[in-house]
There are 2 protein chains.
Amino acid sequence: MSEKTVPYKIYLEEHEMPTKWYNVRADMKNKPAPLIHPGTKAPMTAAELEGVFCAELVKQELDDTTAYFDIPAEILSFYKMYRPAPLVRAYCLEEKLQTPAKIYYKFEGNNTSGSHKLNSAIAQAYYAKQQGLKGVTTETGAGQWGTALSMACAYLGLDLKVFMVKSSYEQKPYRREVMRTYGASVTPSPSSDTEVGKKILSDFPGTSGSLGCAISEAVEVAVTTEGYRYVLGSVLAQVLLHQSIIGLEAKAAMDKYGIKPDIIIGCAGGGSNLGGLIAPFIGEKLRGEADYHFIAVEPASCPTFTRGTYAYDFCDTGMICPLAKMYTLGSGFMPAPEHAGGLRFHGMSSTLSQLYDDGLMEARAVGQTEIFAAAQQFARSEGILPAPESSHAIKGAIDEALKCKETGEEKTILFGLSGTGYFDMGAYEKYNDGLMTDYIPTDDDLAKGFAGIPK
Amino acid sequence: MSEKTVPYKIYLEEHEMPTKWYNVRADMKNKPAPLIHPGTKAPMTAAELEGVFCAELVKQELDDTTAYFDIPAEILSFYKMYRPAPLVRAYCLEEKLQTPAKIYYKFEGNNTSGSHKLNSAIAQAYYAKQQGLKGVTTETGAGQWGTALSMACAYLGLDLKVFMVKSSYEQKPYRREVMRTYGASVTPSPSSDTEVGKKILSDFPGTSGSLGCAISEAVEVAVTTEGYRYVLGSVLAQVLLHQSIIGLEAKAAMDKYGIKPDIIIGCAGGGSNLGGLIAPFIGEKLRGEADYHFIAVEPASCPTFTRGTYAYDFCDTGMICPLAKMYTLGSGFMPAPEHAGGLRFHGMSSTLSQLYDDGLMEARAVGQTEIFAAAQQFARSEGILPAPESSHAIKGAIDEALKCKETGEEKTILFGLSGTGYFDMGAYEKYNDGLMTDYIPTDDDLAKGFAGIPK
């Protein structure tokens, strides 16, 4: 191999690391619609939200005009433990694909939680601690968010109660043990610990749970337990704010070497990785300073952007949370047991939904066998074993690189590699054994979900 | 937290990365004893060794005078994919321990194989490829080596046949799947694929295997299959040579900030991580240029240094490999099912054995419950979930840091964090549930192993 002008991996120096988060809503002309009260349909007030969320996080959630928020010193210290995340030039993948495209990825899997989730977990835990709370509750699906939060809470000495979607709890006992190693208590959801859990268990006996259901349980415990609040790992505007560190670092690393991406690709579940990655770039686009082609890649089994509808809907199955305006398949939509557990949420970040509705992003849905083929190809050339979720972005990047091969264009592609797949080897085993199938919901399946969306 | 003068993590720039490996034997006055033929007891010749190993690796194995070997360009390219590994200042652990000591660790777990093993895997696979071989065979215990080699072979397009100790094969199906994802074939050992495997199965029906037995099988397949050679992930001098990249990078990073360690600590199984970490430092000590206190930490269940004997012994159970002079418990010693699977080898690198025998290192043995307590404490403060093997070094570092707390000394401690524990959650579960016990062999247990050492 010849000498490369751009290194394989760009690590920012500590003094080059971002010290502020960027709030993309400040630059949006069409602001995301506010959260509304499920009863009155009036926008949720700070006071109402503070029953569920920490006060400082509510402030961030409601603020759609302040462009930059200082990152508190203690969070910066924690970030320094596992960040900066490398921006990697995929020289080996490029060579395998024989593409003239230049492929970069921002790798967020180099920490024990195995994903970018830690970026918001430490922020949310920090504000909870500052408020003098005893602990927080949350839900986790694939387990990345629960793991990240357990690490953050261990660091700060906060209690943590995790409701883990029952199917994940059973399929991924080792995820559960990681959380326990960091001191969290982990309950399979639905559980009989909550009223909403009991109701779901009686309405759907034998259910293996869903993210929406686990959210309902975690919220119920938070609002009924003294000194506790609820925290959420995706969807919310505050999460996208914290995750902007991904894009800010990626942009700083690219700017350092004079690189400008043409295409930016992220996997899309609730929107935390995609929203964080694209934040500063779409900010430039919104301000008319630069143009980029943004692509969201989602699972065909849970096609929120590509087959969903843009409407006010519940974020949880128990319908106890505020309504959010978003692309949604309906809170009652039960996605098939696809392996990218982190992308199985029925809704989508309101911010990303508005950007998508305004025509600022493209979205694609891909079946999981194609996703695992891309994951394997990536692992064998770049060495990193990707999470199924992250592999959606890989698939998007490979497809774009192969287009460049056809046209001869030397486009620069940036994608978000949100995490690693160490706890997904059951899924890889299925793929290795040729036993993986695709789940594509029928129009009838979708209609059932849509029917539950409030008018 | 106040501003830190040394960053949390020191990453070398690409141009600062070592381009040569260091061969510590060149600076040893008392050279490690040569491998000898089990029949004739004469030193193994290059021609004899080339039936088992690749020619270039045999050259490295036999060369105890050349101090530096150029790292081939293709290996440097591969290194750039996952290296430099960070040198981390354990600010958070120091704070939790309230110690005046300054603790650094060289973290080798930031790659998919989850350990330092990849450093030698890519080198050995490269030389096999250069020699025009079709494939290689190997054994794996805990799975790190097999995973690393499968990544290296996938990258270079070499076939790989792994014999995995049966107990690990069954306890760690996900390790197996990682190797399969990278295209390796994985066979539980002992197997009926080899003569030696069949013999062991008939002599010890129901055995769950051992590293020594898996080595015998892998060697047999290599020497009886056209176009194949055998590769080994530890113990050998060539492995320590490749692993010197760990110490060379650590030293370069420390030199950059004017840091000089007082104490250097590594976990000791076959010696690959410890030997690699200490290489350039012990080189300075051997040349009389500097002094350091070296500490090897091994499991109490397999106490090679602390309770073994220094003698010529077989490296494998089947007794088909050359004899090596080393600290050993006897090739028939069957360590208890302790969780640090990577440290369960009955022998030890001849190079490290000689250094230890010359009084240049200290060694300690620790039981696994204490090791997991240290692992948990480390995980909760530094965020990284360590492998049980690596946690031996953590335990050594914590103990030294606590001594500094008592005496008030501000010693600088460097330890090797060889890898991550994502595939060891079964062991963590046992620890979390309070079900872990220690295995300390009795003198009688040891006597049985010693009885098998050839006179």
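Our subject is the structure that appears above.
Since this is a predicted model, take the numbers as computed values, not measurements. Within every chain, residues take consecutive numbers counted from 1 along the sequence as written. Written order decides the labels, with chains lettered from A and ligands numbered from 1. Confidence filtering applies because this is a predicted model: local features only for residues at pLDDT of at least 70, side-chain atom pairs given and counted only at 80 or more, and all residues used for totals across whole chains, interfaces and linings. The side-chain figures draw on all heavy atoms in the structure; neither hydrogens nor water molecules are used.

Novice: Help me understand the overall build of chain A, please; the structure alone is not making it clear to me.
Specialist: Counting secondary structure elements, chain A contains 18 helices and 15 strands. Within these notes, the globule rule equals 2.2 Å times the number of residues to the 0.38 power, and the radius of gyration is based on C-alpha atoms. The C-alpha atoms of chain A give a radius of gyration of 20 Å, which matches the 23 Å a tight globule of 455 residues would have. Principal-axis analysis of the C-alpha atoms gives chain A an extent of 65 × 50 × 45 Å. Throughout, a contact is declared for two residues whenever any of their heavy atoms are within 4.5 Å. Within chain A, contacts between residues separated by at least 24 positions form 77% of all contacts whose residues are at least 6 apart in sequence. Accessible area for chain A stands at about 14700 Å²; split by element, carbon and sulfur atoms hold 51% of it. Neither His nor the chain ends is counted toward charge; the positive residues are Lys and Arg and the negative residues Asp and Glu. Where a charge sits is defined by one atom per residue type, namely NZ (Lys), CZ (Arg), CG (Asp) or CD (Glu). Counting 43 positive and 54 negative side-chain charges, chain A places the centres of these two groups 1 Å from one another. Helix and strand definitions follow DSSP, with helices as H or I runs of at least four residues and strands as E runs of at least two, each counted in order from the N terminus. Here the Shrake-Rupley method, with its probe set to 1.4 Å, supplies the accessible areas, and only the displayed protein chains count as covering residues.

Novice: Is there a simple way to explain the relation of the copies chain B and chain A in this structure?
Specialist: Here two copies of a chain appear, and what relates them is a rotation about an axis with a shift along it. Overlaying chain B with chain A gives an RMSD of 0.0 Å, the required rotation being 180° about an axis along which the chain moves by 0.0 Å. Such a turn and shift between the copies fits a two-fold axis. If distances are taken from each C-alpha of chain B to the rotation axis, the shortest is found for N110(B), at 3.1 Å. Both copies present the same face, since 100% of the interface residues in chain B are matched by interface residues at the equivalent positions in chain A. The least-squares superposition of copies is restricted to C-alpha atoms, and to residues with a pLDDT of at least 70 in both copies.

Novice: Just to check I follow, could you spell out the interface of chain B and chain A for this structure?
Specialist: Many structure descriptions define interface size as the accessible area lost when the parts assemble. Contacts between the two partners involve 47 residues from chain B, matched on the other side by 47 residues from chain A. At the level of secondary structure, the elements contributing two or more residues to the side of chain B that touches chain A comprise α3 (73-82), α4 (91-97), α6 (144-156), α8 (173-181), α15 (368-382) and α17 (425-432) of chain B. Element by element, the count of residues in the side of chain B that touches chain A is highest for α8(B), at six residues. The residue inventory of the side of chain B that touches chain A, partitioned by class, reads 21 nonpolar, twelve polar and 14 charged. For this classification, Asp, Glu, Lys and Arg are treated as charged, while Ala, Val, Leu, Ile, Met, Phe, Trp, Tyr, Cys and Pro are nonpolar and the rest, including Gly, are polar.

Novice: Just to check I follow, could you spell out the sheet that holds strand β11 (residues 293-299) of chain B for this structure?
Specialist: In a beta sheet, neighbouring strands pair by backbone hydrogen bonds and run either parallel or antiparallel. Residue and element names in this part refer to chain B. Read across the sheet, seven strands follow the order β1-β4-β5-β15-β10-β11-β14 without closing on themselves; strand pairing throughout is mixed. Lying at the two open borders of the sheet, with one neighbouring strand each, are β1 (9-10) and β14 (362-366). Of the pairings in the sheet, the one linking strand β5 (residues 102-107) to strand β15 (residues 412-417) comprises six bridges and is parallel in character. Counterpart to I103 in the pairing with β15 is I413. When DSSP finds two or more bridges between a pair of strands, those strands are recorded as paired.

Novice: Would you mind going over unusual backbone geometry with me for this structure?
Specialist: Leaving glycine aside, a negative phi is the common case for residues, and trans is the common case for peptide bonds. Of note, the bond from S189(A) into P190(A) is cis; its omega dihedral lies within 30 degrees of zero at 5°. Positive phi is not limited to glycine here, since Q98(B) has a value of about 55°. Mapping Q98(B) onto the fold places it in the loop between α4 and β5. Judged by relative accessible area, which is 54%, Q98(B) ranks as exposed. Not every positive phi belongs to a glycine, and V235(B) is a case in point at roughly 65°. Positionally, V235(B) belongs in the loop between β9 (228-230) and α11 (237-256). Only protein chains enter the area calculation, which uses a 1.4 Å probe; residues under 20% of their type maximum are buried, those over 50% are exposed, and those in between are partly exposed.

Novice: Explanation requested: the packing of aromatic side chains in the structure shown.
Specialist: Stacked, tilted and edge-to-face are the three classes applied to pairs of Phe, Tyr and Trp rings, where Trp contributes its six-membered ring and a pair requires centres within 6.5 Å; stacked means planes under 30 degrees apart, edge-to-face means over 60, and tilted covers the rest. Per the stated rule, a full pass over the model turns up 40 aromatic pairs over all chains. Clustering of aromatic rings is evident, with ring pairs tying together F78(A), Y79(A), Y82(A) and Y155(A). Residue placement shows K325(B) over the ring face of Y310(B); its charged tip is 4.5 Å from the ring centre. In this analysis the charged atom, NZ for Lys or CZ for Arg, is taken to sit over a ring once it is within 6 Å of the ring centre and within 35 degrees of the ring normal.

Novice: What's the story with the sheet that holds strand β8 (residues 185-189) of chain A in this structure? I'm lost.
Specialist: All names here are of chain A. If you walk across this open sheet you meet the four strands as β8-β7-β6-β9, and the pairing is parallel. Pairing within the sheet leaves two strands with one partner each, and these edge strands are β8 and β9 (228-230). With direction set aside, neighbouring strand axes in the sheet form an average angle of 25°. Of the pairings in the sheet, the one linking strand β6 (residues 135-140) to β9 comprises three bridges and is parallel in character. Bridge pairing links G135 to Y228 in β9. Fitted lines through C-alpha atoms give the axes, limited to the stretch in contact for helices. The angle between two N-to-C directions lies from 0 to 180 degrees.

Novice: It is not clear to me how the environment of I75(B) should be interpreted in this structure. Could you clarify?
Specialist: All names here are of chain B. Relative to the helices and strands, I75 is located in helix α3. We classify I75 as buried; its relative accessible area is 0%. Separated by 330 residues in sequence, I75 and K405 place their C-alpha atoms 43 Å apart.

Novice: Teacher, can you tell me more about the pairing of strand β7 (residues 159-165) of chain B here?
Specialist: Looking down a regular strand, the side chains alternate between one sheet face and the other. Residue and element names in this part refer to chain B. Taken across its seven residues, β7 has five buried, putting it largely inside the fold. Here strand β6 (residues 135-140) pairs with β7 via six bridges, running parallel. Residue pairing in the sheet places G135 in a bridge with D159 of β7. In this fold, the crossover linking β6 to β7 by way of α6 has right-handed handedness. Look down the strands so they point away from you; if the path from the first strand over the helix to the second goes clockwise, the crossover is right-handed.

Novice: Even after reading the chapter, I still don't get the environment of G275(A), so can you show me in this structure?
Specialist: As for its position among the elements, G275(A) is in helix α12 (residues 272-286). Residues contacting G275(A), with those up to four places away along its chain left out, are L240(A) and L352(A).

Novice: Which parts of the structure should I look at to understand helix α3 (residues 73-82) of chain A?
Specialist: Note: α-helices contain 3.6 residues per turn, so residues at a spacing of three or four share the same orientation. Most of α3(A) is tucked away, with eight of its ten residues classed as buried. Within α3(A), the full set of buried residues consists of I75(A), L76(A), S77(A), F78(A), Y79(A), K80(A), M81(A) and Y82(A).

Novice: Please explain the packing of α3(A) against helix α6 (residues 144-156) of chain A as it appears in this structure.
Specialist: Each pair of packed helices can be described by the angle between their axes along with the distance between the axes. Residues and elements named next belong to chain A. Taken N-terminus to C-terminus, the directions of α3 and α6 make an angle of 120°; their axes are 12 Å apart at the nearest point. In this view, α3 runs oblique relative to α6, as classed from their interaxial angle. Crossing of α3 against α6: the hand is right-handed. Contacts from E74, F78 and M81 in α3 reach A152, Y155 and L156 in α6. Counted by class, the contact of α3 with α6 contains five nonpolar, no polar and one charged residues. Angles are sorted into four bins: roughly parallel if under 35 degrees, roughly antiparallel if over 145, roughly perpendicular if 65 to 115, and oblique for all others. Note: crossing handedness is left-handed where the near helix turns anticlockwise from the far helix by less than a right angle, and right-handed where it turns clockwise.

Novice: Explanation requested: α15(B) in the structure shown.
Specialist: Helices are assigned an expected span. That span is 1.5 Å times one less than the residue count. Compared with the 21 Å implied by 1.5 Å per residue over 15 residues, the 20 Å span of α15(B) between its first and last C-alpha is a close match. After α15(B) finishes, the residue G383(B) shows a positive phi value of roughly 85°.

Novice: What should I look at first to understand the nonpolar core in this one?
Specialist: The nonpolar side chains of a soluble globular protein tend to be buried with one another. Definition of nonpolar core: a set of buried residues of the types Ala, Val, Leu, Ile, Met, Phe, Trp, Tyr and Cys, connected through side-chain atoms within 4.5 Å. In this structure, W21(A), F305(A), M361(A), W21(B), F305(B) and M361(B) are the most contacted members of the largest nonpolar core, which totals 189 residues. When near neighbours in sequence (up to four residues on either side) are disregarded, F305(B) contacts A268(B), L274(B), A296(B), E298(B), Y327(B), M348(B), L352(B), S353(B), Y356(B), M361(B) and A363(B).

Novice: How should the pairing of strand β13 (residues 323-328) of chain A be read in this particular structure?
Specialist: Residues and elements named next belong to chain A. By the criterion of burial, β13 is predominantly enclosed, with five of the six residues buried. Bridging between strand β12 (residues 309-314) and β13 involves six bridges; their strand directions are antiparallel. Of the residues in β13, the one forming a bridge with Y310 is Y327.

Novice: For this particular structure, what's the right way to read the pattern of salt bridges?
Specialist: A side chain with one charge may pair with a side chain of the opposite charge, provided their charged atoms come close. All names here are of chain B. For this document, the term salt bridge refers to a Lys or Arg side-chain nitrogen within 4 Å of an Asp or Glu carboxyl oxygen. Under the criterion given, the structure shown has 57 salt bridges over all chains. Across the pair E177 and R176 runs a salt bridge, and its minimum N-O distance is 3.5 Å. Look at E177 and you get buried, because its relative accessible area is 0%. By relative accessible area, which is 13% here, R176 ends up buried. For K403, the salt bridge is made with E400, and the minimal N-O distance between the two is 2.9 Å. Here K403 pairs with E400, and both are found in helix α16 (residues 388-407), just three residues apart, close to one helical turn.

Novice: What is the right way to read the packing of helix α9 (residues 195-203) of chain B against helix α10 (residues 211-224) of chain B from this model?
Specialist: Residue and element names in this part refer to chain B. Two elements in contact, α9 and α10, have axes separated by 8 Å at closest approach and are oriented at 150°. Considering their axes alone, α9 and α10 lie roughly antiparallel with respect to each other. Along the contact surface, α9 presents E195, V196, G197 and I200, while α10 presents C213, S216, E217 and E220. The residue inventory of the contact of α9 with α10, partitioned by class, reads three nonpolar, two polar and three charged.

Novice: How should the side chain of K395(A) be read in this particular structure?
Specialist: Residues and elements named next belong to chain A. Among the structural elements, K395 can be located in helix α16 (residues 388-407). Among the polar contacts listed, one links the side chain of K395 to the side chain of E370, at a separation of 3.3 Å. For K395, the residues in contact, after removing those within four places along its chain, are V366, E370, I371 and A374. For this analysis, a polar contact is any N or O atom pair within 3.5 Å, provided that within protein one partner can donate a hydrogen and the other can accept it, and provided that sequence-adjacent residues contribute only side-chain to side-chain pairs.

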